[in-house]
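Observations on chain architecture
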Amino acid sequence: MAGEPQADCLFCKIVSKEVPATVVRETETTLAFRDINPQAPTHVLVIPKVHYPDAASLAKAEPQIAADILREAGAVAADEEIDGTGFRVIFNTGAGAGQTVFHAHAHILGGRGFNWPPG
């Protein structure tokens, strides 16, 4: 059922503390932790504590939690001291866009320059 923890979801297991992660921030609705395969000097994931397969389904069902993710993205950037130099927030939605864990999440990347268009 949408919004409920999924037994086979890695990020649900991180939320429930079954799988360890290097947590950098936590709120009532979100969890932020370091990516295990960083693509930039700063690479943090911000996830909702509720399970939705992607950003689009989360935004449709729980717009306030989607907003919480964006607010936390800014807080992570400030905590990591990349807010002044620039950072990227990425929501991959679907396998064709590079999503590999089907639990909505935002990548916060910074600490180096980025090209446009992304790639």
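Every residue gets a number counted from 1 within its own chain, in the order that chain's sequence is written. Side-chain atom pairs in this predicted model are given and counted only at pLDDT of 80 or more, local residue features only at pLDDT of at least 70, and totals for whole chains, interfaces and linings cover all residues. By convention in this description, side-chain values take in all heavy atoms of the structure and omit both hydrogens and water.

Under an unreviewed UniProt entry, the name given to the protein is Histidine triad nucleotide-binding protein, and the organism recorded is Streptomyces milbemycinicus.

**Re the packing of aromatic side chains**
The condition is simple: Each Phe, Tyr or Trp ring (for Trp, its six-membered ring) is paired with any other whose centre lies within 6.5 Å, and the angle between the two planes then decides the class: stacked below 30 degrees, edge-to-face above 60, tilted in between. Going along the chain from the N terminus, every DSSP run of H or I of four or more residues is numbered as a helix, and every run of E of two or more is numbered as a strand.
For the coordinates displayed, the defined rule picks out one aromatic pair. With a centroid separation of 5.6 Å and an interplanar angle of 75°, the aromatic rings of F11 and F33 are classed as edge-to-face. Here F11 is found in helix α1 (residues 10-15), whereas its partner F33 is found in strand β2 (residues 30-34), with 22 residues between them in sequence.

**Some remarks on the sheet that holds strand β4 (residues 87-90)**
Note the following rule: Strand pairing is assigned whenever DSSP identifies at least 2 bridges connecting the two strands. Angular values range over 0 to 180 degrees, each being the angle between N-to-C directions of two axes fitted as lines to C-alpha atoms, with helices fitted over their stretch in contact.
Taken in spatial order, the five strands make up an open sheet running β1-β2-β3-β5-β4, and their pairing is antiparallel. What marks the edges here is a single partner per strand, and that holds for β1 (23-26) and β4. Ignoring which end each strand starts from, the neighbouring axes of this sheet average 20° apart. Looking at chain direction, β4 and strand β5 (residues 106-110) are connected through four bridges and run antiparallel.

**Let's talk about unusual backbone geometry**
Put simply, the rule reads: We call a residue buried when its accessible area falls under 20% of the maximum for its residue type, exposed when it is over 50%, and partly exposed in between, using a 1.4 Å probe and counting protein chains only.
A cis amide bond links W116 with the next residue in sequence, P117, at an omega value of 5°. Here P117 shows up in the segment after β5. Of note, K17 is a non-glycine position whose phi angle comes to about 70°, a positive value. Position of K17 relative to the elements: it lies in the loop between α1 and β1. You can call K17 exposed: its relative accessible area is 51%.

**Side note on the pairing of strand β3 (residues 42-48)**
By the criterion of burial, β3 is predominantly enclosed, with seven of the seven residues buried. The alternating pattern of β3 places T42, V44, V46 and P48 and H43, L45 and I47 on opposite faces, both of which are buried. Direction of pairing for β2 relative to β3: antiparallel, over a ladder of five bridges. If you follow F33 over to β3, its bridge partner there is L45. Of the strand pairs in this sheet, β3 and β5 are connected by five bridges, and their pairing is antiparallel. Within β5, the residue paired with T42 across the bridge is G110.

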